[in-house]
Amino acid sequence: MTHRIRLLPSGREFEAEAQETLLDAALRNGVNIPYNCSGGSCGVCKARLISGRVEHPRFHDYVLSEADKVQGQLLLCSVSAGSDLVLEVNEIGDAAQIPLQQVSTRVAHIERVGEHYVILTLRTPRSQTLQFLAGQHVELRLGNGMSCDAAIASCPCNGMLLQFHLAQRIDEDFPRHVFQKLRANDIVQVTGPFGSFTLDEDSHRPIVMVAQDTGFAPLKSLIEHALALELSQPITLFWVSAHDDGFYLANLCRSWVDALDNFSYQPLYLEGGGETVTAEVIAGSIAAVGQCDFYLATGSALREGLLRSLTAHGAVADRIFAMEKRQCGMR
């Protein structure tokens, strides 16, 4: 059984399964709710019940005062919906509202995808998950002092499992250590999140995304968040690489094409200065360039070429969102 949840003051609505916590339901549906531990210890996900009935209360360490209880305050991580609900909750509107966090994580999985690429998955403690917006990045730091700035590739719906994409580079110590020495259960300190390369959830314009190599990581997070929000506008992804194995999750992209009516994917080989790529992006946009939102996660040379050409063809400057900085381990 599912129940309809309405949030005030935003008016956003989503469905929650009878047995899942309200926090899990909100995150699964792409709603940015403040939280930290997700286990009833911190009280950050406190909200006020306006109408409806909640069920399956779970024990939590955080103590609600008598005044809280009288006002209908509850912890979203500790109750499920027993009926349709109306809740008053503070939603996160932009990246500036998310506090800087420091989390000690452990390596959950290291997956080699092709000769030069690896997917690193870190697990946070249940008592301290990482809250972030799709498209943001963090600093990863090892016990030996090596550090790396890396985009989060996973969906914000699960702050306990954080995914990162790294390319092997002989001139960078961190990715080389990941490829050669990092093992399961090793500790990695995570600090962040940083950046404002996030999805404009209020826009209804067609979305065009351009990734270069591991620039796919933040775009993957943005796409998964857009899917959770069930955005209706079409999304076109161009993935650019100069290497045959640079499209290391092409099967995932093709699965999105098969499952979604409004998603298209095109791999592009980078040659020369990227003029061919720029022309393909402009020609392949599903609508006129001036009617689209663009998300660019590329190296600086390709980004500058795209910016010049897109604006010359009528793209609106404040509708072009570019990844702020080159990520460590990016080919």
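This write-up is about the structure you can find in this document. Remember, it's a predicted structure, so these values are computed and weren't measured experimentally.

Quick notes on the rules
- Residues numbered from 1 in each chain as written.
- Predicted model: local features only at pLDDT ≥ 70, side-chain atom pairs only at ≥ 80, totals over all residues.
- Heavy atoms only, no water.
- Helix = DSSP H or I, 4+ residues; strand = E, 2+ residues; numbered from the N terminus.
- Rg over C-alpha atoms; globule rule 2.2 N^0.38 Å.
- Buried < 20%, exposed > 50% of the residue type's maximum accessible area, 1.4 Å probe, protein only.
- Contact = heavy atoms within 4.5 Å.
- Pairing = 2+ DSSP bridges.
- Axes fitted to C-alpha atoms, helices over the stretch in contact; angles between N-to-C directions.
- Phe/Tyr/Trp six-rings, centres within 6.5 Å; stacked < 30°, edge-to-face > 60°.
- 1 Å grid on protein atoms, 1.4 Å probe; cavity = no way out; pocket = protein on both sides within 12 Å on 5 of 7 lines; lining within 4 Å.
- Points joined across faces, edges and corners; volume = space filled by probe spheres on them.
- Nonpolar A, V, L, I, M, F, W, Y, C, P; charged D, E, K, R; others polar.
- Core = buried A, V, L, I, M, F, W, Y, C linked by side-chain atoms within 4.5 Å.
- Right-handed = clockwise from strand over helix to strand, strands pointing away.

**Thoughts on the overall build of the protein chain**
1) Next: When its secondary structure is counted, the protein chain shows seven helices and 18 strands.
2) Next: What you see for the protein chain is a C-alpha radius of gyration of 21 Å, in line with the 20 Å of a compact globule of 331 residues.
3) Next: Along the longest, intermediate and shortest principal axes, the C-alpha atoms of the protein chain span 65 × 50 × 35 Å.
4) Next: Every one of the 331 residues in the protein chain was classed for burial, and the buried ones make up 53%.
5) Next: By sequence separation, contacts in the protein chain at least 24 residues apart represent 72% of the contacts at least 6 residues apart.

**Thoughts on the sheet that holds strand S16 (residues 263-269)**
1) Next: The strand order S16-S15-S14-S17-S18 describes an open sheet built from five strands, whose pairing is parallel. The strands lining the two open edges of the sheet, one partner per strand, are S16 and strand S18 (320-322). On average, each strand axis in the sheet is inclined to that of its neighbour by 15°, with strand direction left out of account.
2) Next: Pairing of strand S17 (residues 293-297) with S18 involves three bridges; the strand directions are parallel. What sits directly across from phenylalanine 294, in S18, is isoleucine 320.

**Points about the environment of phenylalanine 59**
1) Next: Within the fold, phenylalanine 59 resides in the loop between strand S4 (54-55) and helix H2 (66-70).
2) Next: Put simply, phenylalanine 59 and threonine 236 are 177 residues apart on the chain and 45 Å apart in space, counted from C-alpha to C-alpha.

**Focus on the packing of aromatic side chains**
1) Next: Tallied over the entire structure, the rule returns 10 aromatic pairs.
2) Next: A ring pair is formed by phenylalanine 216 and tryptophan 239, whose centres lie 4.1 Å apart and whose planes are at 10°; its orientation type is stacked. Remark: tryptophan 239 occurs in strand S15 (residues 235-241) and phenylalanine 216 occurs in helix H4 (residues 216-229); sequence separation between them is 23 residues. Considered together, phenylalanine 216 and tryptophan 239 belong to a single accessibility category, that of buried residues.
3) Next: Ring centres 5.1 Å apart and planes at 85° place the aromatic pair tryptophan 239 and tyrosine 248 in the edge-to-face group.
4) Next: Aromatic rings pair up to connect Tyr117, Phe216, Trp239, Phe247, Tyr248, Trp256, Phe263 and Tyr269 into one cluster.

**Examining empty space enclosed by the protein**
The probe, sized like a water molecule, is rolled over the atoms to show the empty space still left.
1) Next: In total, this model carries three cavities of 30 Å³ or more according to the counting rule given.
2) Next: When its volume is computed, the largest cavity comes out at roughly 80 Å³.
3) Next: Residues belonging to the lining of the largest cavity are distributed by class as follows: nine nonpolar, four polar and no charged.
4) Next: In this structure, the second largest cavity is lined by Ala150, Ala151, His165, Leu166, Thr214, Ala217, Pro218, Gln327 and Cys328.
5) Next: Put simply, the parts of the chain that give the lining of the second largest cavity at least two residues each are strand S11 (147-151), strand S12 (161-167) and H4.
6) Next: Partitioning the lining of the second largest cavity into residue classes produces six nonpolar, three polar and no charged.

**Some points on the side chain of histidine 3**
1) Next: Examined against the element boundaries, histidine 3 turns out to sit in strand S1 (residues 2-8).
2) Next: Its relative accessible area of 9% is what places histidine 3 among the buried residues.
3) Next: Sequence-distant contacts of histidine 3, that is, excluding residues within four places in its chain, are made with Phe14, Glu15, Ala16, Ala81, Gly82, Ser83 and Asp84.

**Concerning the environment of phenylalanine 238**
1) Next: Along the chain, phenylalanine 238 falls in strand S15.
2) Next: Separated by 53 residues in sequence, phenylalanine 238 and glutamine 291 have C-alpha atoms that sit 17 Å apart.
3) Next: Not counting chain neighbours up to four residues away, the residues in contact with phenylalanine 238 comprise Val208, Met209, Val210, Ala211, Gln266, Leu268, Glu280, Val281, Gly284 and Ser285.

**Section: the nonpolar core**
1) Next: Counting 33 residues, the largest nonpolar core has Met209, Phe216, Leu219, Leu237, Trp239 and Tyr295 as the members making the most contacts within it.
2) Next: Of all the secondary structure elements, the ones that give two or more residues to this core are strand S9 (117-123), strand S14 (207-212), H4, S15, helix H5 (250-259), S16 and S17.
3) Next: With six residues, the top contributor of residues to this core is H4.
4) Next: With sequence-adjacent residues up to four places away left out, leucine 219 is seen in contact with Phe197, Met209, Val210, Ala211, Leu237, Tyr295 and Ala297.
5) Next: Counting 24 residues, the second largest nonpolar core, distinct from the first, contains Leu23, Leu27, Val31 and Tyr35.

**Topic: the pairing of S15**
1) Next: Among the seven residues of S15, seven are classified as buried, and the element is accordingly described as predominantly covered.
2) Next: Where S14 and S15 come together, six bridges link them in parallel fashion. Directly across from valine 208, in S15, lies its bridge partner threonine 236.
3) Next: A crossover links S14 with its parallel partner S15, the connecting element being H4, and its sense is right-handed.

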